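# Topology and contacts: notes
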Amino acid sequence: MLLFKSFKELSDENIGLENIFETKNEFFAHTHNQKQQETLHEHLHEVKKYFNIITDVNQLESIIDKLISKISFEDIQIGNHIKLLFFHSIVFHDFGKINPNFQVERMQNNFFESDNTVKIGYEHSYLSAYLFLTYHFKRVFENDSSSEQKSILWYYSFIFSIPILKHHSAYISKDYNFEESKINTIYKFHEIVEFDIIKDFSNNFFKNENRLIEYFQEFIQNKTFDFFPLFALLKLNYSLLTASDYYATSQYMNDLKFSTEEDFGLITNDLKQRIFNHFETNEKTSYNGELTRNCKKYLNTNIADLQEKSNANLNILRQKLGAEVLLGIEKHSSDKVFYIEAPTGGGKTNMSMIAIYKMLKLFPEINKVFYVFPFTTLITQTDKAIKETLGLTNIEVTQVHSKSGFQTKTNDNNEVAKYGNDLKNQIDNLFVNYPFTLLTHIKFFDILKSNKKDTNYLLHRLANSIVIIDELQTYNPSEWDKIKYYISNYAKLFNIRFVIMSATLPKIGNIAIGDEEIINFQPLIKFAQEDYLCNPNFANRVSIKTDLLDKKIELHDLADILIEKSKEYAENRSDEYKGSIHTIIEFIFKKSASEFYDILKEKNDFFDDIFVLSGTILEPRRKYIIEYLKDKQNKKRKILLISTQVVEAGVDIDMDLGFKNQSLIDSDEQLAGRINRNINKENCEMWLFKHDKAKSIYGKDLRYEVTQNFSNEFVFDILSKKDFKLLYEKVFEKIEMNNKSAYKENFNDYKHLFEKLNFEQIHREFKLIDSENASIFIPMDIDIFCYGNENNFSKSELDFILEHKCFSNDNNDRISGDKIWEIYASLIQNKDLNFTLKNIQIKILNGIMSKFVFSIFMRKANDLKKYCKYNKETGDFVNYNFFKFEKEYIGEGKIYDFHSGINEELLAKELKQPFEFI
């Protein structure tokens, strides 16, 4: 890699440019009603200061140099100038505030008068980009580069004006338009910045931008040039510019300062040492300390000696898996992407923490960890696990998802101190300034690809990090090639170590996408399928039964079979729970689950409890059911859980017997993972059956398409032998066939978007979920306590509820949904409240409101219009991001019931149409 000038060297060489406004104190950057105006020079100085701090603490300069080296054609002169462009985007970003209209309109600066001849209004970003470009047009022209080099640098100058132009926009996009009618009216501002620029000279470049683009395309035609590093470099520049600007402005407006590693939420050396010590000595997870001390012993244990089913052998197998992770990371320390393919019950979460422990030991530059999940239930479970295993606290771990509230690092009852702390906490939430972050896959991949400013704030934080991606199989296969593309590129360019985990792991590294520079996806469990997935302690945990797959089964017949098999299991079990059973049955659609529930109630002479769990059940009810099932006091009861697919990956329950409407093979295996989780029971079975067709949900999923030709015997082989590569090889063939097709939009079409730097389409055409969700708010009363000592609300949420008197009774043990909604609606409508404080309150309320909300696809929300609050004249929902159910439709026997969710049968009768909720 070429060695470019450092940012410090570039700053020293350009100190005159940086200090242009040092004596021009008449130009304001910000104003405050309680302090002196901030001059433009002061603001530019602070932005540069924060750029340097953020770059230094996150160790970004080497990342930036690597990206530049990829687009500099191995030319040191071109590379140095690209780095100068990167740096000057920070320096120039607010030069345009010299616009007198900006000073008059936005700064109320009496020193200036409005100038109607300036055809950009009070806009300042446009003028900043214009001054940046004209400065570099001349600078490149006057340097000793070849004409070829100059044309390339002029092209790059245009490209690097984008972050400046868009630093106050909600999105980054390449849609600038330097019209001659506009730029002729702002040419005069060169005098203020003292640039010796000739109008015709600079205007000529704006007129000939397309020729520069064409020249660049011709220049790279016979060369190896990858546009992804340019895309990533611009996104990183936009991330650093907007973040630095935000921090600097917050310092002036709110006296907030960020300077240390702790301030920016990084893993410090002290924290690393605490993690190491806790991991090695934690009594609750003493097996990890034992593993670090005796790793070789477990590696040398012969797998053939661990075939007998026993708890002792199971624990040794888990330790052996952990030992393979430790050894694999050390042995393949130069690799960036790793697989952990481990059976259900093998302890994937603990293995991910073993990987973190080892990587923090080996790679001193790592300073952040991100966990990426498809389900919020996995986030909350893992949050608890990593705190216990690694000895972390609430100020070191944060959750980022739709149900997470406002997290605080500092608490103070003093009003003045609380105000300052709230503002600081708001920035920590905005920039996710925490060493460990647990977030959804949607949010994570948006950071990698999105053109949205508020999402792109976080891009710079991904550098030099560990990223754990769990349950990869939940992503649609149509996006697997893009997932590989992003992971491969960000791993090698941003120095990210990825760990991809699943029990049914699709080896996406094997998908052919025409990479110019192939990155290795390294398995850490070398013979996962042969040694572990097929081991009786894992593979014989649940017997897969396909006897019911020959034809569609009626629900009455299915109910008889389920009761019969449950009775048989309960009578024949020989452990301490003889006579009891926990049975689960999973349907594709809630309608079938509800019908089955009605049938079971009529037939039932066996089960003590019957629960229903679906996507329309509120979180407190879901949590109650899960905690009830986990309570040892209920192990001797006979319980049936009727569910939709919401109980798959992410729900920590241990059932004895399972029945499942066949859908995707991955999905079938996920339900098997909820049965006999602790591998300490005999005769546990999962019966697959056919009732609802999965096509309406999975019709576009390539796995569904390829399995239509699979026989029942072939499906049985995959599930019983845990040989999922038999499925994925067929899926990969389909992906690669589509990518070679000239008649379908495919990965090659997507890759061409990078050549055009089409940020909007790059984001829009990679979707992990192809449908928007709607949040339905149910204004009912909810208990503070869920089950036992489990709370439905966090302490900070309860503090907010107490402050705003949201209790529904004198005992203060129930929260009123109506009162929560009233506060939220009034807050949204409040135009006078400070913008930042309003956002903080909304964030806190979002966490509280998530307890009253279920999510459905946006297209389904229209079916509920009759029952939600909406404007009857326009037909628009009055939603403020939520659709509020009217209270008259809530209760037992009504459209919505707390215990069973949406009543599809009643809904179908009233609206005279069928429904498919999940």
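Quick note: structure is the one above.
Now for a quick tour of the structure. Model, not experiment: these values are computed from the prediction.

### Considerations on the packing of helix H36 (residues 795-803) against helix H38 (residues 835-849)
Helix packing geometry: the angle between the two helix axes and the distance between the axes. In contact at an axis separation of 10 Å, H36 and H38 are set at 105° when each is read in the N-to-C sense. Between H36 and H38, the crossing angle belongs to the class labelled roughly perpendicular. Here Glu-797, Phe-800 and Ile-801 of H36 lie close against H38, whose contacting residues are Gln-841, Ile-844, Leu-845, Gly-847 and Ile-848. Across the contact of H36 with H38, the residue classes break down as five nonpolar, two polar and one charged.

### Some remarks on the sheet that holds strand E22 (residues 883-884)
With mixed pairing, the three strands of this open sheet are ordered in space as E21-E16-E22. The sheet terminates laterally at strand E21 (853-857) and E22, the two strands that pair on one side only. Bridge count for strand E16 (residues 773-777) against E21 is five bridges, and the pairing is antiparallel. If you follow Phe-777 over to E21, its bridge partner there is Val-853.

### Considerations on helix H4 (residues 61-71)
Regarding H4, the residues found buried are Ile-63, Ile-64, Asp-65, Leu-67, Ile-68, Ser-69 and Ile-71. Buried residues belonging to H4 abut helix H1 (7-13), helix H5 (76-92), helix H8 (147-165), helix H13 (228-254) and helix H23 (480-494). With its phi angle positive at about 55°, Phe-73 sits one or two positions after the end of H4.

### Notes on the environment of Leu-165
Here Leu-165 lies in helix H8. The spatial distance from the C-alpha of Leu-165 to the C-alpha of His-93 is 7.9 Å, given a sequence separation of 72 residues.

### Structural notes on the packing of helix H15 (residues 286-293) against helix H18 (residues 348-362)
Packing of H15 against H18 brings their axes to within 12 Å, and their N-to-C directions diverge by 45°. Our classification of the angle between H15 and H18 gives oblique. For the element pair H15 and H18, the recorded crossing hand is right-handed. Contact with H15, carried on its side by Tyr-287, Asn-288, Leu-291 and Thr-292, involves Asn-350, Ile-354 and Tyr-357 of H18 and no other residues of that element. Here the residues of the contact of H15 with H18 are counted per class, giving four nonpolar, three polar and no charged.

### A word on unusual backbone geometry
Of note, Val-432 is a non-glycine position whose phi angle comes to about 50°, a positive value. The exposure class of Val-432 is buried, given its relative accessible area of 6%. Within the chain, Asn-683 stands out as a residue other than glycine whose phi angle is a positive 65°. The class of Asn-683 is exposed, set by a relative accessible area of 57%.

### Looking at the sheet that holds strand E4 (residues 368-373)
Taken in spatial order, the seven strands of this open sheet run E5-E6-E4-E7-E8-E3-E9, and their pairing is parallel. Here the strands that pair on one side only, and so sit at the sheet edges, are strand E5 (397-400) and strand E9 (521-523). Pairwise comparison of adjacent strand axes, ignoring direction, gives a mean angle of 20° for this sheet. Two strands pair when backbone bridges link them, and E4 and strand E6 (residues 436-440) are joined in this way by five bridges, in the parallel orientation. Bridge pairing in E6 places Val-369 opposite Phe-436. Sheet strands in contact with H18 are strand E3 (337-341), E4, E6, strand E7 (465-470) and strand E8 (497-502), and its direction is about 165° off that of E8. Lying over the sheet, H23 contacts E3, E7, E8 and E9, oriented at roughly 145° with respect to E8.

The rules behind each value
Residues numbered from 1 in each chain as written. Predicted model: local features only at pLDDT ≥ 70, side-chain atom pairs only at ≥ 80, totals over all residues. Heavy atoms only, no water. Axes fitted to C-alpha atoms, helices over the stretch in contact; angles between N-to-C directions. Helix = DSSP H or I, 4+ residues; strand = E, 2+ residues; numbered from the N terminus. Parallel < 35°, antiparallel > 145°, perpendicular 65-115°, else oblique. Contact = heavy atoms within 4.5 Å. Nonpolar A, V, L, I, M, F, W, Y, C, P; charged D, E, K, R; others polar. Pairing = 2+ DSSP bridges. Buried < 20%, exposed > 50% of the residue type's maximum accessible area, 1.4 Å probe, protein only. Left-handed = near helix turned anticlockwise from the far one by under 90°.

Honestly, it's all geometry; don't read function into it.
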